[in-house]
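Residues per chain, in single letters:
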Amino acid sequence: MHAIISGRSRRALIIDGDLLKSLDFDNPSKIVLRQKSDLPYFFGENSDLHILENTTMPLIKSELKSDCNFTSALDLTLISLDSELPDDIREEALEGLRKRLVDPITRQRLAKVLYAEPFPEDADPVGAVRLARREARKFLTELISLQPSISAVKQAWEAIPTKNFGSDENRRVFQQSAVRAGVFRELVWSPEDPELKLAILEYTLPRNMIELFPNSMEIFQVWIENLRSVKKLSADRKERRLAGDRRKGVGRDPRKRLGRDRKEKKLAG
Amino acid sequence: MFSTAVIARSESEVLRLATSTRQLYATYYQQLEGGLRLPDGNEWDVVREIADTLLFPKYKQYIRFGALSLDGIGLANYGPCSIALRDEMISHRASVFEENSVIFMKRHEVEASNPDLPKGYRATWADRAKLCVAKLEQTIDSTTTADEYSTRLLRQAASSADDDFVEVHIWGPISVRTMRKVTVVAPNELENRTILKALKVLRSKLAELGVPKKREKNETIIKALRLKLAKYGVPVD
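Residues numbered from 1 in each chain as written. Chains lettered and ligands numbered in written order. Predicted model: local features only at pLDDT ≥ 70, side-chain atom pairs only at ≥ 80, totals over all residues. Heavy atoms only, no water.

Q: Please clarify how the overall build of chain B should be interpreted in this entry.
A: Along the backbone of chain B there are nine helices and seven strands. In chain B, buried positions account for 47% of the 237 residues. The contacts of chain B with a sequence gap of at least 6 include a subset with a gap of at least 24, amounting to 80%. (Helix = DSSP H or I, 4+ residues; strand = E, 2+ residues; numbered from the N terminus. Buried < 20%, exposed > 50% of the residue type's maximum accessible area, 1.4 Å probe, protein only. Contact = heavy atoms within 4.5 Å.)

See below:
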């Protein structure tokens, strides 16, 4: 028995020998016999599809549930971050999100996606935190605090030359596999030691990704190197900015600055 | 009374389409756009052969399937949200077909060894009325009322195998700008109405007993959708 699952469609297509069947998340006790003529309509243009080979019905049900819960959690998170929407809808979404976050699998899957990209400019995380309660508030607060790391990991990713992947398409596939496997999240969280980072990534990596990209570990090495450079550059910039501020006297007591200016003027005169 | 192309989707998919121009949503949704790579093996042939249908040689991946509708309601067996599309956005890239093309091909034994499609079952978007008259003329007479036209054109059945409709083939993507109206149909509407009524009464009690309210989260998504789509002049019923 094989299956194709879509959390966004909230259904699974089951291929059981010559028979086609479907399972709807909203009606999990009912297995519907399907025809070939259903297929063009079944998933629409949904591309969040994932395949289960040689599987069982309990596993299909469990994967469908996991996909649907994750899709709901992502939709609700994005609604809660949307400043174009009124507070009552955002609050409602946050309440739904809070309930979803109780499930550790949903929480983990959501983090894998949200930790792979810094907040876009039109997101309103501060507003979302203001409206959020308990688990949802904690989750968003942590996400906000990790934004510098998330940005650094993404910058380092973008600095990997495309030739390492072979083509732009391969790069896209690698990125999506890395997001799903939680590689971006591990890099955001993992300690500074590059050896340790590499070991964690090797552990995180799913086997099919290594089959698809035999040079995965080399790509990770370049990525970690880039990450070190990005962090160093960011630290240097911060240092330069602080030094510049010190020269300009930013952050000092303006009365003292005024006194020093007068003194300098007197000496010059 | 004009017919429109309608596609049926889930609430989540409508949200994705409705927010495709917003960076906030697109940034994260894009990470999940993996596409489907079917594994090798004969068991997958049933899915694979539909993808290589003779009706769309080498361009099947660009085709979206919809149904022709007079009341804006599509095939509810495939999703609770019916998206009626704007004529001006699809008329140059849509055609219509007598019925579900997979059923048609099987019945008329159109296959790789016999690839000729019989004439008279396919029309351009502009000529869709002619195709509908050719298909339905025997079911309409002087006693047929205007209210009945929509159910003659698109007959919803409890099972998708018994749905009868005129299939619309749309080349290219669908976006928020292609949508004219979204109608959300309760997923159980086609089932026993008495059970539905009872469920409405029992709903709050079921929640107290620890059974989650049906499609609770989707109500939030539908509220968000109403506001998102209002910006583009697309109503949600």
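Q: Would you explain the pattern of salt bridges in this entry?
A: Where charged atoms from two side chains of opposite charge come close, those side chains can pair. Across all of its chains, the model carries 27 salt bridges over all chains by this definition. Between K154(A) and E117(A) there is a salt bridge, with the nearest N and O atoms lying 2.8 Å from each other. Of this pair, K154(A) sits in helix 7 (residues 147-158) while E117(A) sits in the loop between helix 4 (104-114) and helix 5 (125-131), and the two are 37 residues apart along the sequence. Bridged by salt links that share partners, the residues D82(A), E84(A), D122(A), R22(B) and K228(B) form one connected network. (Salt bridge = Lys/Arg side-chain N within 4 Å of Asp/Glu carboxyl O.)

Q: Help me out: how do you make sense of helix 8 (residues 168-181) of chain A in this one?
A: Think of an α-helix as 3.6 residues a turn; residues three or four steps apart then line up on the same face. Residue and element names in this part refer to chain A. End to end, helix 8 covers 20 Å across 14 residues, agreeing with the expected 20 Å (1.5 Å per residue, within 8%). Among the residues making up helix 8, those that are buried are R171, V173, F174, Q175, Q176, A178, V179 and A181. Of the residues one or two after helix 8, G182 is the one with positive phi, at around 85°. (Expected span 1.5 Å × (residues − 1).)

Q: How do you make sense of empty space enclosed by the protein when you look at a structure like this?
A: In this approach the atoms are scanned with a rolling probe the size of a water molecule, which exposes any empty space left behind. Applying the stated criterion across every chain, the model contains three cavities of 30 Å³ or more. The calculated volume of the largest cavity comes to roughly 50 Å³. Contributing to the lining of the largest cavity are Y41(A), V6(B), I7(B), A8(B), R9(B), F65(B), G66(B), A67(B), L75(B) and Y78(B). Elements supplying a minimum of two residues to the lining of the largest cavity: strand 1 (4-9) and strand 2 (63-69) of chain B. Ranked by the residues each element gives to the lining of the largest cavity, the list is headed by strand 1 of chain B, at four residues. Along the lines of polarity and charge, the residues of the lining of the largest cavity split into eight nonpolar, one polar and one charged. Considering only enclosed or pocket space, the second largest cavity measures out at about 40 Å³ in volume. In terms of lining, the second largest cavity is formed by S37(A), D38(A), Y78(B), N100(B), I103(B), S160(B), A161(B), D163(B) and F165(B). Here the residues of the lining of the second largest cavity sort into four nonpolar, three polar and two charged. (1 Å grid on protein atoms, 1.4 Å probe; cavity = no way out; pocket = protein on both sides within 12 Å on 5 of 7 lines; lining within 4 Å. Points joined across faces, edges and corners; volume = space filled by probe spheres on them. Nonpolar A, V, L, I, M, F, W, Y, C, P; charged D, E, K, R; others polar.)

Q: So what exactly am I meant to see when it comes to the environment of P206(A) here?
A: Within the secondary structure, P206(A) sits in the loop between helix 10 (194-204) and helix 11 (207-212). Taking the C-alpha atoms as reference, P206(A) lies 9.9 Å from G182(A); in sequence the two are 24 residues apart.

Q: Got a minute to help me understand the packing of aromatic side chains in this structure?
A: Here the distance between the centres and the angle between the planes together describe a pair of aromatic rings. For the structure shown, the criterion picks out 20 aromatic pairs over all chains. In textbook terms, an aromatic cluster arises when at least three aromatic residues are bridged by ring pairs, as seen for W157(A), F165(A), F174(A), F184(A), F213(A), F220(A) and W223(A). The ring centre of Y29(B) lies 5.4 Å from the NZ or CZ of R8(A), which sits over that ring. The ring centre of W125(B) lies 4.1 Å from the NZ or CZ of R128(B), which sits over that ring. (Phe/Tyr/Trp six-rings, centres within 6.5 Å; stacked < 30°, edge-to-face > 60°. Lys NZ or Arg CZ within 6 Å of the ring centre and 35° of its normal.)

Q: Looking at this structure, how should I read the interface of chain B and chain A?
A: Often, the extent of an interface is quoted as the loss of accessible area on bringing the components together. Tallying the contact residues gives 57 residues for chain B and 64 residues for chain A. Looking at the side of chain B facing chain A, the largest losses of area belong to Y28(B), Q31(B) and L32(B), adding up to 14% of the total buried there. Inspection of the chain B/chain A interface yields seven salt bridges. In this structure, E13(B) and R8(A) form a salt bridge, with 3.6 Å as the shortest nitrogen-oxygen distance. Where chain B packs against chain A, one counts 22 residue pairs in polar contact (both at pLDDT 80 or more). A per-element tally of the side of chain B that touches chain A places helix 9 (residues 216-230) of chain B first, with 10 residues. (Buried area = accessible area lost by both parts, 1.4 Å probe. Polar contact = N/O pair within 3.5 Å; in protein donor to acceptor, adjacent residues only side chain to side chain.)

Q: Please clarify how unusual backbone geometry should be interpreted in this entry.
A: One can expect most non-glycine residues to show negative phi and most peptide bonds to be in trans. Residues and elements named next belong to chain A. Positive phi, normally seen in glycine, also occurs at N54, with a value near 45°. As for its placement among the helices and strands, N54 is situated in the loop between strand 5 (49-52) and helix 2 (57-80). Take N54: its relative accessible area is 63%, and that puts it in the exposed class. Positive phi, normally seen in glycine, also occurs at R134, with a value near 40°. Here R134 is to be found in helix 6 (residues 134-145). Overall, R134 belongs to the exposed group, its relative accessible area being 54%.

Q: Honestly, the pairing of strand 1 of chain B in this entry has me stumped. Any pointers?
A: Side chains on a regular strand alternate between the two faces of the sheet. All names here are of chain B. Counting buried positions along strand 1 gives six out of six residues, so the element sits mostly inside the fold. Burial along strand 1 is two-sided: T4, V6 and A8 facing one way and A5, I7 and R9 facing the other are all buried. Bridging between strand 1 and strand 2 involves three bridges; their strand directions are antiparallel. Note that in strand 2 the partner of A5 across the bridge is L68. (Pairing = 2+ DSSP bridges.)

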